[in-house]
Amino acid sequence: MGPVSSVDVSSIRLTVPSEYPTAPQPVSAEQAIEDLGLPTLARALAGEHLRERDAFAFLSGAVGDPEVIRYRQEVFRVFKERGGVRRTFAEVLPELWELHAFSAARSESSGPLQQTIWRLGELELFVSCVNKLLSGLKSEEHLESRALRQLTHQLEQRAAQEDFAAMQKELPKLREGLKRKKSVTVGINLDDKLRPVEATVLSINEERFHKQSLLHRVLGVNTPFTASTPILTTPVPGDFKFGRGSTVPLAPLFQEVEELLSSALRPVASKLARFVTVNADMLEGVRQDAAGFLAACDLAERFEQAGYTTCFPELLPQEERRSVFHGLYNPLLALASIEEERPEPVIANDISFDAEGHFFVLTGPNQGGKTTFTQALGIAHALAQCGLFAPASSCSLSPADRIETHFPAAERGPVDTGRLSEEAARLSEIVSAVTSESLVLLNESLASTGPHEASAIAEQLLQVFSLLGLRGVYATHLHELAARIPDMQLNRGLAPLIAEAHVKGGRAHRTFFIRRGWPAGLSYAHDIAEQYGLSFRHMTEALARRGVLPEQPADTPEDTRDTGASSYEGAQSSSQGSTETGAQERRGPGACDGHS
């Protein structure tokens, strides 16, 4: 059979269709990656199949092109639902990693001896990986993934080539010949003071030298490959080309040994030369992508085993600009619950972005779950647009062309970025980058200035977002901002969300449920006062303990402490009777308090 035209398997990626000349641009802005906690999720994704830096790159690769997302979704679904395919890649992956190491080492090796050895190992692994992948994939009746079908076809073509058949036949023989080289015999000349002055290699042997046993010494038995003196062990230098004046012992001898072995390998190198055009890096892209999908399957199963649901996202037309989540939860919170074995449930919520509400102003008490919910939305979109699962019981979404976030410094870490000018600059960058198909998530933005100034800037932002019709959430303590939504809309679609809390005994008890509704308008001032010890009761008791005030009688009126509670309850009951066509009250398996 004559040679077949070369086949470039590296053009078949499991994450990008072959017709794409370059990789699609990711949609998650650099700051969004940090705000959404993707580095933490990458650490959870890393493990047996994937290094942490590769896991981070995989999660940062969310794209906006629906065709690319579907291409990836097909692969992930096959990996998740077909145990045979998953086992095939899991079994081959260690060899693909080893093949990667061989390829890298060969390019870095300097001497012909090393080059030949590494190349031989590389080609052997390449043949093994192709055969194992092909056998596993062909055993499946029908693969519901275009990427895996194309990979199978390309592997079949590669295995049909003449040079591949030759490698299968000849490489084991070449390797066996090298394995028989076990030792060399060295001759050393001495001067008149018995100092070694000259050395040469006498022969290459197929048997190792061994230290003479005690029994042999007693019986006086000698064989050609036993030594009565100790066998000294020395580290093998990485490069035998030592310069003049080298202090490495017997450096010239080591150099000669390498040259002799290199000459002995010339027949092997000559036979390998016919495979010089074989590109063992063909499977490099398959290694990277398979590792990511295997790790994602493991992570999804980790959630499911702990009682958290995951789903395959349904893609909607991009121009519809819709996102619908049922039972949405924050996977970072779920991971913390799993790792710390917390018994508290993680709350799951429903949310729908549509023509009646595409951008939401989310208000509620501190630590009521606003940040957790806002972050969960971004993570769910990012995972879905990587072609993976969504942390929800079900979801359908139009891919976003960009995911932009603005979380305050307190939510990201110790970096001081809270000044108004810096916040304004970041928000300006977001506005200049987004389109009507983007997703924007703002968390307590403009908290660095007073409420009057913050509301003035925020109103203008919301008006622009309303005009664009993009999707997003603005989680804020500015309750009056949500109340002014009817006056701000230049286009329909702005709507209020509340992090629900029930007032009892003058305190707001958080439920961590998010639903459509108007804010009560009190900003939970008493609840904040209680938290920081600024309620009338806390302050008077503290002053009494210091002796500044006399002890207050037990029946001291606490009207000041309860001021506004009844009005809050009335507003709350009224708002519960208003629009609730969005987020439903849904309790997910397993969630803890979340943070605001």
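Refer to the structure above for everything that follows.
Residues numbered from 1 in each chain as written. Predicted model: local features only at pLDDT ≥ 70, side-chain atom pairs only at ≥ 80, totals over all residues. Heavy atoms only, no water.

Q: Quick rundown of the overall build of the protein? Include the residues and the values.
A: Helix and strand counts for the protein come out as 23 helices and 15 strands. Counting only residues that meet the buried cut, the protein has 48% of its 596 residues in that class. Taking contacts inside the protein between residues at least 6 apart in sequence as the whole, the part at least 24 apart equals 76%. A total of about 28600 Å² of accessible surface is found on the protein, and carbon and sulfur atoms cover 53% of it. (Helix = DSSP H or I, 4+ residues; strand = E, 2+ residues; numbered from the N terminus. Buried < 20%, exposed > 50% of the residue type's maximum accessible area, 1.4 Å probe, protein only. Contact = heavy atoms within 4.5 Å. Areas by Shrake-Rupley, 256 points an atom, 1.4 Å probe, with all protein chains shown as cover.)

Q: An account of the pattern of salt bridges is requested, with residue identities and associated values reported.
A: Two side chains of opposite charge can pair, provided their charged atoms sit close to one another. For the structure shown, the criterion picks out 23 salt bridges. Residues Glu 140 and Arg 82 are paired through a salt bridge, measuring 2.8 Å at the closest nitrogen-oxygen approach. You can see Glu 140 sitting in the loop between helix 6 (112–138) and helix 7 (146–159) and its partner Arg 82 sitting in the loop between helix 4 (66–81) and helix 5 (83–108), a full 58 residues away along the chain. In this structure, Glu 140 and Arg 82 share a single accessibility class: buried. With a shortest N-O distance of 3.5 Å, Arg 302 and Glu 339 are connected by a salt bridge. Taken together, the positions of Arg 302 in helix 12 (residues 284–305) and Glu 339 in helix 13 (residues 331–339) put the pair 37 residues apart, joining distant regions of the chain. Connected through shared salt-bridge partners, Arg 402, Glu 404, Arg 426 and Glu 429 make up one network. (Salt bridge = Lys/Arg side-chain N within 4 Å of Asp/Glu carboxyl O.)

Q: Let's hear about helix 14 (residues 370–385): which residues, and what values?
A: Across its 16 residues, helix 14 extends 23 Å between first and last C-alpha, which sits within 8% of the 22 Å expected from 1.5 Å per residue. With 16 of its 16 residues buried, helix 14 lies for the most part within the structure. Downstream of helix 14 by a residue or two, Gly 387 has a phi angle that is positive, lying close to 90 degrees. (Expected span 1.5 Å × (residues − 1).)

Q: Could you give me a rundown of the packing of aromatic side chains, with the residues and numbers involved?
A: Enumeration over the complete set of coordinates arrives at 12 aromatic pairs. Aromatic pair Phe 303 and Phe 389: ring centres 6.2 Å apart, planes at 65 degrees, arrangement edge-to-face. You can see Phe 303 sitting in helix 12 and its partner Phe 389 sitting in the loop between helix 14 and strand 9 (394–397), a full 86 residues away along the chain. A residue is classified by how much of its surface remains accessible, and Phe 303, at 0% relative accessible area, is buried. Judged by relative accessible area, which is 3%, Phe 389 ranks as buried. A ring pair is formed by Tyr 308 and Tyr 329, whose centres lie 5.3 Å apart and whose planes are at 40 degrees; its orientation type is tilted. Highlighted residues: Tyr 308 in the loop between helix 12 and strand 5 (314–315) and Tyr 329 in the loop between strand 6 (323–328) and helix 13, separated in sequence by 21 residues. Given a relative accessible area of 3%, Tyr 308 falls into the buried group. (Phe/Tyr/Trp six-rings, centres within 6.5 Å; stacked < 30°, edge-to-face > 60°.)

Q: Could you give me a rundown of the pairing of strand 7 (residues 348–353), with the residues and numbers involved?
A: Each regular strand carries side chains that alternate between the two faces of the sheet. Within strand 7, six of the six residues are buried, which leaves it mostly tucked inside the rest of the structure. Along strand 7, one buried face is formed by Ala 348, Asp 350 and Ser 352 and the opposite face, lined by Asn 349, Ile 351 and Phe 353, is buried too. Here strand 6 pairs with strand 7 via four bridges, running antiparallel. When the bridges of strand 7 are listed, Ser 323 appears paired with Phe 353. (Pairing = 2+ DSSP bridges.)

Q: Break down the environment of Leu 143 for me, with residues and values.
A: Here Leu 143 is to be found in the loop between helix 6 and helix 7. Taking the relative accessible area as the measure of exposure, Leu 143 reaches 5% and is therefore buried. When the C-alpha atoms of Leu 143 and Glu 74 are compared, they prove to be 9.1 Å apart, with 69 residues separating the residues in sequence. Contacts of Leu 143, omitting those with residues within four sequence positions, involve Val 78, Arg 82, Val 85, Leu 137, Leu 148, Arg 149 and Thr 152.

Q: Explain unusual backbone geometry residue by residue, including any values.
A: The backbone of Arg 321 shows a phi angle near 55 degrees, a positive value even though the residue is not glycine. Positive phi, normally seen in glycine, also occurs at Glu 444, with a value near 55 degrees. Examined against the element boundaries, Glu 444 turns out to sit in the loop between strand 11 (439–443) and helix 17 (451–468). Note on Glu 444: relative accessible area 11%, which makes it buried.

Q: Tell me about a nonpolar patch on the surface, and name the residues and values.
A: Residues Val 186, Ile 188, Leu 190 and Leu 194 make up a contiguous nonpolar surface patch of roughly 370 Å² in combined accessible area. Relative to the helices and strands, Ile 188 is located in strand 1 (residues 183–190). (Patch = residues over 30% accessible without salt bridge, like charges linked within 9 Å, V, L, I, M, F, W, Y side chains within 5 Å.)

Q: An account of the side chain of Thr 88 is needed here, citing residue identities and associated values.
A: Secondary-structure assignment places Thr 88 in helix 5. Under the relative-accessibility criterion, Thr 88 is labelled buried at 10%. Ignoring any residue separated from it by four or fewer positions in sequence, one finds Thr 88 in contact with Lys 132, Leu 133 and Gly 136.

Q: Account for the packing of helix 2 (residues 38–45) against helix 3 (residues 52–59), naming residues and giving values.
A: Running from amino to carboxyl end, helix 2 crosses helix 3 at an angle of 125 degrees, the nearest separation of the two axes being 8 Å. With respect to helix 3, the element helix 2 is oriented oblique. Our pair here, helix 2 against helix 3, has a crossing hand that is right-handed. Residues Leu 38, Pro 39, Leu 41, Ala 42, Arg 43 and Leu 45 of helix 2 touch helix 3, and the partners they reach there are Glu 52, Ala 55, Phe 56, Phe 58 and Leu 59. Residue composition of the contact of helix 2 with helix 3, grouped by class: nine nonpolar, no polar and two charged. (Axes fitted to C-alpha atoms, helices over the stretch in contact; angles between N-to-C directions. Parallel < 35°, antiparallel > 145°, perpendicular 65-115°, else oblique. Left-handed = near helix turned anticlockwise from the far one by under 90°. Nonpolar A, V, L, I, M, F, W, Y, C, P; charged D, E, K, R; others polar.)

Q: Got a sec to walk through the packing of helix 12 against helix 13? Specific residues and values, please.
A: Look at helix 12 against helix 13: their axes get within 10 Å of each other, and the N-to-C directions meet at 65 degrees. By the angle class used here, helix 12 and helix 13 are roughly perpendicular. As helix 12 packs across helix 13, the resulting crossing turns out to be left-handed. On the side of helix 12, the interface is formed by Leu 299, Arg 302 and Phe 303, while helix 13 contributes Pro 331, Ala 334, Leu 335, Ile 338 and Glu 339. Residues that form the contact of helix 12 with helix 13 fall into these classes: six nonpolar, no polar and two charged.

Q: Break down the nonpolar core for me, citing the residues and quoting the values.
A: One finds Phe 79, Phe 89, Phe 126 and Leu 388 to be the most contacted residues of the largest nonpolar core, which totals 112 residues. Residues in contact with Phe 79, not counting those within four places in the same chain, are Val 85, Arg 86, Phe 89, Leu 148, Ala 290, Phe 293, Leu 294 and Cys 297. Val 361, Val 434, Leu 446 and Met 488 belong to the second largest nonpolar core, which has 21 residues in total. (Core = buried A, V, L, I, M, F, W, Y, C linked by side-chain atoms within 4.5 Å.)

Q: Requested: an account of helix 12, with residues and values cited.
A: Its 22 residues give helix 12 an end-to-end C-alpha distance of 32 Å, which sits within 8% of 32 Å, the value for a rise of 1.5 Å per residue. The buried fraction of helix 12 amounts to 16 of the 22 residues, a majority that puts the element mostly inside the structure. Just past helix 12, the residue Gly 307 takes up positive phi, approximately 100 degrees.

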